[in-house]
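Letter by letter, the chains look like this.
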Amino acid sequence: MNQSATHSSYSLDPCDWTSFRAQGHRMLDDMFDYVEHIRERPVWQPMPAAVRTSFRERLPLAPSHLTAVYQEFLENVLPYSNGNVHPGFMGWVHGGGNVAGILAEMLAAGLNANLGGRDHSALEVERQIVQWMRELFGFPATASGLFVTGTSMANLIAVIAARDSALGFDIRRSGVSASKKRLTAYASTAVHESLRRALDLCGLGSDALRLVPVEAGHRNKTNAQQQINLAALRHTIESDRRSGYSPFLLVGTAGTVDTGAIDDLDGLAVIASEQQMWLHVDGAYGALGILTPEIAPRLAGIESADSLAFDFHKWGQVPYDAGFVLIRDGERHRKAFASPAAYLQREARGLDAGSPWPCDLGPDLSRGFRALKTWFTLKVYGLEALGRMIAHTCELARYLERRIAESSELELLAPVSLNIVCFRYRSPDADRVNARIVVDLQESGVVAPSTTRINGDLAIRAAITNHRTSRIDIDALVDATLKIGRALTAHMEDHELEAACFD
Ligand SMILES: Cc1ncc(COP(=O)(O)O)c(C=O)c1O
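This one's a predicted model, so the numbers in the text were calculated from it and none came from an experiment.

**Things to note about the sheet that holds strand β12 (residues 450-454)**
Argument step 1. Spatial strand order, β10-β11-β13-β12: 4 strands in an open sheet with antiparallel pairing. In the strand order of this sheet, the two ends are held by β10 (410-412) and β12, each with one partner. With direction set aside, neighbouring strand axes in the sheet form an average angle of 45°.
Argument step 2. Inspection of the sheet shows β12 paired to strand β13 (residues 457-463) by 5 bridges, in the antiparallel sense. Residue Ser450 lies in a different strand from β13, and its bridge partner there is Arg461.
Argument step 3. Sheet strands in contact with helix α14 (residues 383-406) are β10, β11 (420-425) and β13, and its direction is about 20° off that of β11.

Below, the structure is given as structure tokens:
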């Protein structure tokens, strides 16, 4: 058939595939160059006002040439990205992505699969990963799993499944206000904010989350990481029961967001079983520590969880986004989300076969092919190499800890449990000086840590998550922190701090 016979004038496909293909190859090459030479770029740089203004255009009613739009991308988008591909990025907990994942994203976009349901290969890829994760975390064959945006959504799905199990699935029709039970959930003070939000979003209210103090952990005496205090937890649950509440959910964290501490999951599993409560583990980034022999023993008990939330896009280095939730009792998971609809009829054969579908396990109906970039990443690199990479980021954290110990101008603010190091430059005005150091570091383009508060004190927080990070970047962080800290302190001595530094 000639082109005019196959090409509708309304189709968005190119008329000239040859030049489109050449442009596509250039774009792919440019992206490989970007990653290969990422060290030559700043980690992050502020966006100039003129560039920001370029994103305030009128609606693009008329077409533009692909090459022109790509040129805009090169000039206005690429240079001002978040920076987490760069080895000097150490803020929050951001993975670095990987090049096999870039290719998989392109393939997924080409297939344009909708993973809400139906019977097609993309769902088998997702099911393959569900099966691998059951195996990795010691969950039974009846456990269900689902790709979601991130751990915030995975936590919400787990909390909803736990809520409906506690109140009965009829609550989905009547609403939580129909129940007389006052449900309460328990987690340590180091729990991620997304859990509080999950309780809010599922109608139980964020006050339903009881925060239990932490104590120095017993499992690993060499670094006194802060774990949920199990005695205080028992006491709080029992006191709530006496006051008429219905404790239903325990949340353990495997890798707290501030310091990377891992709760005693075995201890939590014992309490959950005694108290007949649902045990959820937020393992946003720490759960994949199970791939390293050094961390796996500290995760003992994770296999007893009723639900586990984690991200492949953090330590797993899968390009954003790739969150995941695993639920021990797949039937309860389904009952918490499945909704019959005439247009979602299931059949034994044809495209409507293969029930249950992912849309039965979460709030999304249309879903992209997150599983493909994850499948490529796990298969191309292999779990052993990913485990070694994770162990290396922890080794870099210990190297940073040693560099801090060697400097009288720096102090460590929290024990180093995994890959997160919280420290500060010593100063009489430490909070303001360290906040300023972090902004200056980010704007320097050399390294980009973030901040948090440890016991009320502002900390420079380096989360070494990127597989490209090396000792060069750790040295750059320490050297630049000292340089900026000294310059700020010199200003202070000149009584110029207010005007010169914090305007
Ligand atoms: C412990 C913990 N839980 C939940 C989250 C939220 O994950 P996401 O950003 O993928 O929603 C994070 C993010 O860093 C985290 O560290």
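**Digging into the pattern of salt bridges**
Argument step 1. Counted under the stated rule, the structure contains 26 salt bridges.
Argument step 2. Across the pair Arg334 and Glu331 runs a salt bridge whose closest N-O atoms are separated by 2.8 Å. Of the two residues, Arg334 and Glu331 are both situated in helix α12 (residues 330-337); the distance of 3 residues between them amounts to about one turn of the helix.
Argument step 3. Overall, Arg334 belongs to the partly exposed group, its relative accessible area being 28%.
Argument step 4. For the salt bridge of Glu395 with Arg471, the shortest nitrogen-to-oxygen distance reads 3.2 Å. Note that Glu395 is positioned in helix α14 and Arg471 in helix α16 (residues 471-493), a separation of 76 residues in sequence.
Argument step 5. Residue Glu395 is classed as partly exposed on the basis of its relative accessible area, which comes to 26%.
Argument step 6. When its relative accessible area of 41% is taken as the criterion, Arg471 is described as partly exposed.
Argument step 7. Overlapping salt bridges, with partners in common, bring together Glu395, Arg398, Arg402 and Arg471 in one network.

**Here we look at the sheet that holds strand β1 (residues 144-148)**
Argument step 1. Read from one edge to the other, the open sheet built from 7 strands follows the order β1-β9-β8-β7-β6-β2-β3, with strand pairing classed as mixed. The open sheet has two edge strands with one neighbour each: β1 and β3 (209-212). When the angles between neighbouring strand axes are averaged without regard to direction, this sheet yields 20°.
Argument step 2. Of the strand pairs in this sheet, strand β7 (residues 278-282) and strand β8 (residues 307-311) are connected by 3 bridges, and their pairing is parallel. When the bridges of β8 are listed, Asp282 appears paired with Ala309.

**With respect to the packing of aromatic side chains**
Argument step 1. Under the definition given, this model contains 11 aromatic pairs.
Argument step 2. A ring pair is formed by Phe89 and Trp92, whose centres lie 6.2 Å apart and whose planes are at 35°; its orientation type is tilted.
Argument step 3. Under the relative-accessibility criterion, Trp92 is labelled partly exposed at 47%.
Argument step 4. Three or more aromatic residues link up through ring pairs in this structure, and these residues are Phe137, Phe147, Phe310, Phe312 and Phe324.

**Digging into the pairing of β7**
Working note: regular strand, side chains alternate between the two faces of the sheet.
Argument step 1. The buried fraction of β7 amounts to 5 of the 5 residues, a majority that puts the element mostly inside the structure.
Argument step 2. The alternating pattern of β7 places Trp278, His280 and Asp282 on one face and Leu279 and Val281 on the opposite face, and all of these are buried.
Argument step 3. Handedness of the crossover joining strand β6 (residues 246-253) and β7 through helix α11 (residues 265-275) is recorded here as right-handed.

**Thoughts on unusual backbone geometry**
Backbone geometry follows two general trends: most residues other than glycine have a negative phi, and most peptide bonds adopt the trans configuration.
Argument step 1. Of the consecutive residues Tyr320 and Asp321, the connecting peptide bond is found in the cis state with omega at -10°.
Argument step 2. Position of Asp321 relative to the elements: it lies in the loop between β8 and β9 (323-327).
Argument step 3. With omega at 0°, the peptide bond leading from Ser355 into Pro356 counts as cis.
Argument step 4. Its place among the elements puts Pro356 in the loop between α12 and α13 (370-381).

**Re the side chain of Thr256**
Argument step 1. In this fold, Thr256 is placed in the loop between β6 and α11.
Argument step 2. Separated by 3.3 Å, the side chains of Thr256 and Thr259 make a polar contact.
Argument step 3. Residues within four places of Thr256 in sequence aside, it is in contact with Ala190, Ala261, Tyr285 and Ile420.

Calculation criteria
- Residues numbered from 1 in each chain as written.
- Predicted model: local features only at pLDDT ≥ 70, side-chain atom pairs only at ≥ 80, totals over all residues.
- Heavy atoms only, no water.
- Pairing = 2+ DSSP bridges.
- Helix = DSSP H or I, 4+ residues; strand = E, 2+ residues; numbered from the N terminus.
- Axes fitted to C-alpha atoms, helices over the stretch in contact; angles between N-to-C directions.
- Contact = heavy atoms within 4.5 Å.
- Salt bridge = Lys/Arg side-chain N within 4 Å of Asp/Glu carboxyl O.
- Buried < 20%, exposed > 50% of the residue type's maximum accessible area, 1.4 Å probe, protein only.
- Phe/Tyr/Trp six-rings, centres within 6.5 Å; stacked < 30°, edge-to-face > 60°.
- Right-handed = clockwise from strand over helix to strand, strands pointing away.
- Polar contact = N/O pair within 3.5 Å; in protein donor to acceptor, adjacent residues only side chain to side chain.

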